[in-house]
Amino acid sequence: MSHFRRRVGFCGYYGTVICRHWMLFLPTLIVVPLAVGGLLGRGLGVQYLFRDQRSPFDAAFADVSLWWIPLRLFGSAYLETQGYAVCLFGLLWTTSLLLEEKFDRINRTYLPGDLRMRHYLPGAAVMGLVPLGAALTQLGRQVYYDAATPALMLIFPVIGYFSGLGLFYVTSHLAFAIARWFRWPRVWVVLGITCIVIIFAAFLPVILPAKLLFVVLAALVVVYTSLKLATPTVRVLTVFGVMATVVVLNAPRTEKYSFPGLEEYYDKPLDMRPTLKSYWNNNRSVTTQLATNRRAESTCGSSDDVLGSGLIDPIVNLQRWHHRVAPPQAPAPKTATPSRLPTKPKFVIVATSGGAYRASAWTARILESLLEGDRPGGDLPGLRHNIRLLTGASGGMVGSAYFAVADASEEGRVEITKQISADIGSAWERGFDWRRPFSVIRNPMAGDWDSLSPIARQMVLYDIPGFFLPLARTTDRGRELERHWKSLDRTFAALRDDEARGIRPSLVVTPTMADTGLPLLISNLDLDSVYRDKKEAVELFKLLPGAQSKLRVQTAVRMSATFPFISPSVRLPTNPPYRVIDAGYYDNFGIDVAVAYLSEPGIKAWLKRCTSGAMVVQVRAWPQGAGDSEPPHPKDLGLMAKWINTFAFATTPIEGVANARATTNFFRNRRELCQLQNLYRDPQSGQRQPVGSECQDDKDFLQTVEFEPSKLDDNATFTWDLQARELREIDALVKSDNIVLARRALAKFWRADLK
């Protein structure tokens, strides 16, 4: 019985140590296992940070010499996750016991006065079993693994677990030996060795987001332990000193992050107060509006080859496009067989939703599948050249931008998906150069759509330390993301001439300005007449004359895809500075720009007279329930969600804002589209429908079609690392019944001669 009491007391004492340092153990013992097990941050793809997309066996033996195989095997995320987790838990337990020893709180009944290695290693081994069990459970269920031999992969977490124990044993022994030789305090030696290991692990050339996550957690353990060892006065002075240092060093430099191509404007920022006042008060005069209407009513096509410079007038752009796709022809004889297709062209706008790389891939695959109908004998002849406007938000604009910059003279299918994948692959440096020890090697087990790993590395190694430095940044997470879109490395001015001739579609990028909530319009089109109330939006190329020839498409798209924390919120070269954030804050579907464009009276009159119909193609990567007969309702909560729901008092305000924003976007856009369709109907035809109902009719001149997945797998992610499994799912969804029906509706519209 005495032995049993001793064991119970021993466990109770260990529990007391954990409770005493709960700030260390709570985020690691709970958050890490939940993340590794795929129960935390699933929608953001957190679970994939600890998984391999390819089999380590296949990747290790692919085109490498024999000596390189073990290094590749040890690059497995399964293996390294468990190794880093064990080392992290070992560090937690060691520093906790050393703090107890430092402050003479060791219970001599259960632990000796001189703590040795046998007292630290069991704690690391026991706590390391928690993430190991989570990883083995997920591997056993085959939820996230794409290889053909998932059972064989069970050995990698186990190898990682024992490798982590070995590494922890060696480094701890080394730290204790140094402390004994030099008679230094063991806790400080452990912290010093930990800092060296952190720096070494962080700068290893193979990138793993999971590794960087554990590096950050280990750094937090070092900071916590150091503050614990200090006196209360020193702690307070240290915290306030760091805060004051950050403020003093960073306050004078509001342009620490800048947009590439606009550097010269940051030297002399634009004074926004008089500029905006003049911009907003300079409304279009009645004479200018009448001139626009006269251009719209004058002729359908224009062969004017004088392209000029600057922004493009929308009406002139439409006229040149019409002259190109529908040149004047002699009237057909009355006895001629009527054509199946209308003689006037169709006008198409593509509005795509946000959603990181999933939205990019979904937009790319939908456009590719639709363009198959533009081949000889297809059901959508001329579709590619009839898509005249591309707008949207966030990740969806990546796919649209790749379509916009594609070779305008190229006929046939545009392979957007392959081009994005090729650009991401080319952004990685191939091989390791010993002359550049901090160069990047792509993890052979990573997927083809992985832009998250270099972003995470940039954040941990450069952006976070740079926060404490007063220097302007020449590299950051946003610029790193831009490097992965090499095909978009073209200025707007380089696209302008083809766009002005009507050969290339117009791209309208609409990031949000955080300081005002207004959209920032980036386009070669002159949208002055589209947004008649200039307080609704701001055109970048009118604020910064000359920026059209300097700003690249990849930078504009990155502005539109500024996810919180993943990409930095960069300020425009203005005074006061205006911060640019994700387009989804204002409109995550791109419908606002489409409605504003089609509502312009001159454009409306020209379309009604010179085309046989206008179509708004909505591409949404996430189901919005457009065809549901029931209103939105809460989802059924799983066991984990019910536990988390205990803290609803803290999470409800955030959930409410997020859900209200998404719902407002969707229903506001649907109402605006319905009102616009009523505007395009003949008032005397009696076709007008009440707003809010299913107001579209097959005979409407303006129609819309929605391409959205009917349902999504629970593991669909919202991140810049798209899994191979998700790409296969997207390929299958593009062929699903609801997409086929939407395609048929578009083909039916294409054959109709609407007025």
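Structure's up top.
Thresholds, definitions, all that
Residues numbered from 1 in each chain as written. Predicted model: local features only at pLDDT ≥ 70, side-chain atom pairs only at ≥ 80, totals over all residues. Heavy atoms only, no water. Helix = DSSP H or I, 4+ residues; strand = E, 2+ residues; numbered from the N terminus. Buried < 20%, exposed > 50% of the residue type's maximum accessible area, 1.4 Å probe, protein only. Contact = heavy atoms within 4.5 Å. Areas by Shrake-Rupley, 256 points an atom, 1.4 Å probe, with all protein chains shown as cover. Expected span 1.5 Å × (residues − 1). Bend = angle between axes of the 7 residues up to and from the residue. Pairing = 2+ DSSP bridges. Phe/Tyr/Trp six-rings, centres within 6.5 Å; stacked < 30°, edge-to-face > 60°. Lys NZ or Arg CZ within 6 Å of the ring centre and 35° of its normal. Salt bridge = Lys/Arg side-chain N within 4 Å of Asp/Glu carboxyl O.

Regarding the overall build of the chain
Phase 1 of the analysis: Each helix and strand counted, the chain has 29 helices and 14 strands in total.
Phase 2 of the analysis: Per-residue burial over the chain gives 51% buried out of 755 residues.
Phase 3 of the analysis: Long-range pairs, those at least 24 residues apart, make up 76% of the contacts in the chain with a sequence separation of at least 6.
Phase 4 of the analysis: Just so you have it, the chain exposes about 35,300 Å², and 61% of that area is on carbon and sulfur atoms.

Comments concerning helix α17 (residues 394–405)
Phase 1 of the analysis: Helix length check: α17, at 12 residues, gives a terminal C-alpha distance of 17 Å against a target of 16 Å (1.5 Å per residue), a fit within 8%.
Phase 2 of the analysis: Here α17 lies mainly inside the structure; 12 of its 12 residues are buried.
Phase 3 of the analysis: Burial in α17 covers these residues: Ser394, Gly395, Gly396, Met397, Val398, Gly399, Ser400, Ala401, Tyr402, Phe403, Ala404 and Val405.

Comments concerning helix α19 (residues 452–466)
Phase 1 of the analysis: In this model α19 runs 19 Å from its N-terminal to its C-terminal C-alpha over 15 residues, within 8% of the 21 Å that 1.5 Å per residue would give.
Phase 2 of the analysis: At methionine 459, α19 shows its strongest bend, of approximately 45 degrees.
Phase 3 of the analysis: Within α19, 11 of the 15 residues are buried, which leaves the element mostly enclosed by the surrounding structure.
Phase 4 of the analysis: Elements in contact with the buried residues of α19: α8 (186–202), α9 (209–229), β4 (449–450), α20 (477–482) and β14 (721–722).

Digging into the sheet that holds strand β6 (residues 512–513)
Phase 1 of the analysis: Overall, antiparallel pairing links the three strands, which are arranged β6-β11-β9 in an open sheet. If you trace the sheet from one side to the other, it starts and ends with β6 and β9 (570–571), each paired once.
Phase 2 of the analysis: The pairing of β6 with strand β11 (residues 579–581) spans two bridges and is classified as antiparallel. Looking at β11, one finds that methionine 513 is bridged to valine 580.

Looking at the packing of aromatic side chains
Phase 1 of the analysis: In this structure the tally under the stated criterion is 14 aromatic pairs.
Phase 2 of the analysis: What links up through ring pairs into an aromatic cluster is the set Tyr357, Trp449, Trp485, Phe563, Trp622, Phe718 and Trp720.
Phase 3 of the analysis: Across the ring face of phenylalanine 176, the terminal group of arginine 186 is positioned such that the distance to the ring centre comes to 5.1 Å.
Phase 4 of the analysis: Over the ring of tryptophan 622 we find arginine 358; its NZ or CZ atom is 5.8 Å from the centre of that ring.

Brief notes about the pairing of strand β13 (residues 702–707)
Phase 1 of the analysis: Judged by how many residues are buried, β13 sits mostly within the fold: five of six residues are covered.
Phase 2 of the analysis: Bridge count for strand β12 (residues 614–619) against β13 is six bridges, and the pairing is parallel. Residue pairing across strands places valine 617 opposite valine 705, the latter belonging to β13.

A short note on the pattern of salt bridges
Phase 1 of the analysis: Per the stated rule, a full pass over the model turns up 25 salt bridges.
Phase 2 of the analysis: Here aspartate 379 makes a salt bridge to arginine 743, at a shortest N to O gap of 3.0 Å. Placement of aspartate 379 in the loop between α15 (356–371) and α16 (383–386) and of arginine 743 in helix α29 (residues 737–751) is noted, with a sequence separation of 364 residues between them.
Phase 3 of the analysis: With relative accessibility at 30%, the residue aspartate 379 sits in the partly exposed group.
Phase 4 of the analysis: Linking arginine 620 and glutamate 706 is a salt bridge whose minimum nitrogen-to-oxygen distance equals 3.4 Å. Taken together, the residues span a long stretch of sequence, with arginine 620 in the loop between β12 and α26 (639–644) and glutamate 706 in strand β13 at a distance of 86 residues.
Phase 5 of the analysis: According to the relative accessible area criterion, arginine 620 is buried, its value standing at 3%.
Phase 6 of the analysis: Residues participating in the shared-partner salt-bridge network are Arg358, Arg725, Glu726 and Glu729.

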